[in-house]
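Structure assessment
Read off the chains here:
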Amino acid sequence: MLPYAAYLRVYEPLTAFPEQERAIWAAYADSRDRPRRATALEAEHGESIRRLLAKPPHPAPAQESPNAYLRRVEDRLYVCPWQSRLRSWLAFSEFRGSTPVKLMDSFVPQAIAEQTADDFDKFKRKGGSAALRTHIRTTTWNVPPAWFVPFDGNERWLVLGKAANGQDTTTTTGRNLIYVTSMAQARKRSARALQVIRKHVGEVATGLEVEDVARWLEEFHPHSLVELDYGGLVHLMDDEALQADQSVAELSAALTGLDTGQEELAFAMYQRVILRWKSMQHLESAN
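Below is a summary of the structure that appears in this document. Predicted model, so just to flag it, every value in this text is computed and none were measured.

**Quick look at the pairing of strand β1 (residues 5-13)**
Summarising burial for β1: nine of the nine residues are buried, a large majority. Where burial is concerned, the two faces of β1 agree: the one with Ala 5, Tyr 7, Arg 9, Tyr 11 and Pro 13 and the one with Ala 6, Leu 8, Val 10 and Glu 12 are both buried. Alignment of β1 against strand β4 (residues 136-140), held across five bridges, turns out to be antiparallel. The partner of Ala 6 across the bridge, within β4, is Thr 139. Across five bridges, the pairing between β1 and strand β7 (residues 225-229) is antiparallel. Across the sheet, the residue bridging to Tyr 7 is Asp 229, located in β7.

**Some remarks on helix α10 (residues 263-282)**
Here α10 is 20 residues long and its end C-alpha atoms lie 28 Å apart, about the 28 Å a rise of 1.5 Å per residue gives. For α10, the full list of buried residues reads Ala 266, Met 269, Val 273, Ile 274, Arg 276, Trp 277 and Met 280. All buried residues of α10 lie within an arc of 155° about the axis, which places them on one face of the element. Exposed residues on α10 whose side chains face more than 90 degrees from its buried face are Glu 263, Glu 264, Phe 267, Leu 275 and His 282. Looking at the buried residues of α10, the elements they touch are α8 (239-244) and α9 (247-259).

**Here we look at the packing of aromatic side chains**
Per the counting criterion, the structure on display carries 10 aromatic pairs. Taking the centre distance of 5.0 Å and the plane angle of 50° together, the rings of Tyr 4 and Trp 141 count as tilted. Taken as a pair, Tyr 4 in the segment before β1 and Trp 141 in the loop between β4 and β5 (156-159) lie far apart in primary sequence, 137 residues in all. Residue classification places Tyr 4 among the partly exposed residues on the basis of a relative accessible area of 30%. Given a relative accessible area of 16%, Trp 141 falls into the buried group.

Conventions adopted
- Residues numbered from 1 in each chain as written.
- Predicted model: local features only at pLDDT ≥ 70, side-chain atom pairs only at ≥ 80, totals over all residues.
- Heavy atoms only, no water.
- Buried < 20%, exposed > 50% of the residue type's maximum accessible area, 1.4 Å probe, protein only.
- Helix = DSSP H or I, 4+ residues; strand = E, 2+ residues; numbered from the N terminus.
- Pairing = 2+ DSSP bridges.
- Expected span 1.5 Å × (residues − 1).
- Arc of directions from axis to C-beta.
- Contact = heavy atoms within 4.5 Å.
- Phe/Tyr/Trp six-rings, centres within 6.5 Å; stacked < 30°, edge-to-face > 60°.

Dropping the structure here:
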């Protein structure tokens, strides 16, 4: 897990899990020792760094993480498992597939890379395609436009300012920008966006990305919650930039403009979103 990353998460109701897992997560929620939301990203990042800096490095944990993000709405508990091992396997497979063999050896010794791949293959054979479903998607240095589609501007939750000790919260985990919505609304907005894009633009990359998110959302319980968390990206943005970031509302306005024939409005709103996040991506290669 990288520090400058954003996350798209699905929290399923406790009742959506098999009975044995349900009992485990219920006990976990009552535990005093579990990582709390304010320190969870830091804990995930620390665990990842320790594995990757080990000699030799460990691309994936030996066991699946017992941790999860939790949300409570009234008396209902929602669970988003970390799935650190599965997510590491998937990320490593993608990295290995896109990296030349000679260069790959400089990151991970060949024997360890092959063992990691073998472990993942055994897991896939045992669990099938259903076992590859992740509750968390991660992106570094930006937020893909398709991730804004499931949300409404009014669902924005922004934390700014300074910590109690006066320290600037750009260096703490208390500072954040989050959107949360119901699965029903997320699916409805995704379907509407797909319809508008296909009708007025056709089969384009953005439409395919929205379709990918929509299909992913269909894999979960219909009463789940969906969350967009800017995560570590807030460390790259000052208060003014975070307050000005209305990407969800702007993309929604772009879709509405496209559907109502206001092409100039649609273009302006879409460009505002794209340019904002392109400038963020440029920081990756900045000195």
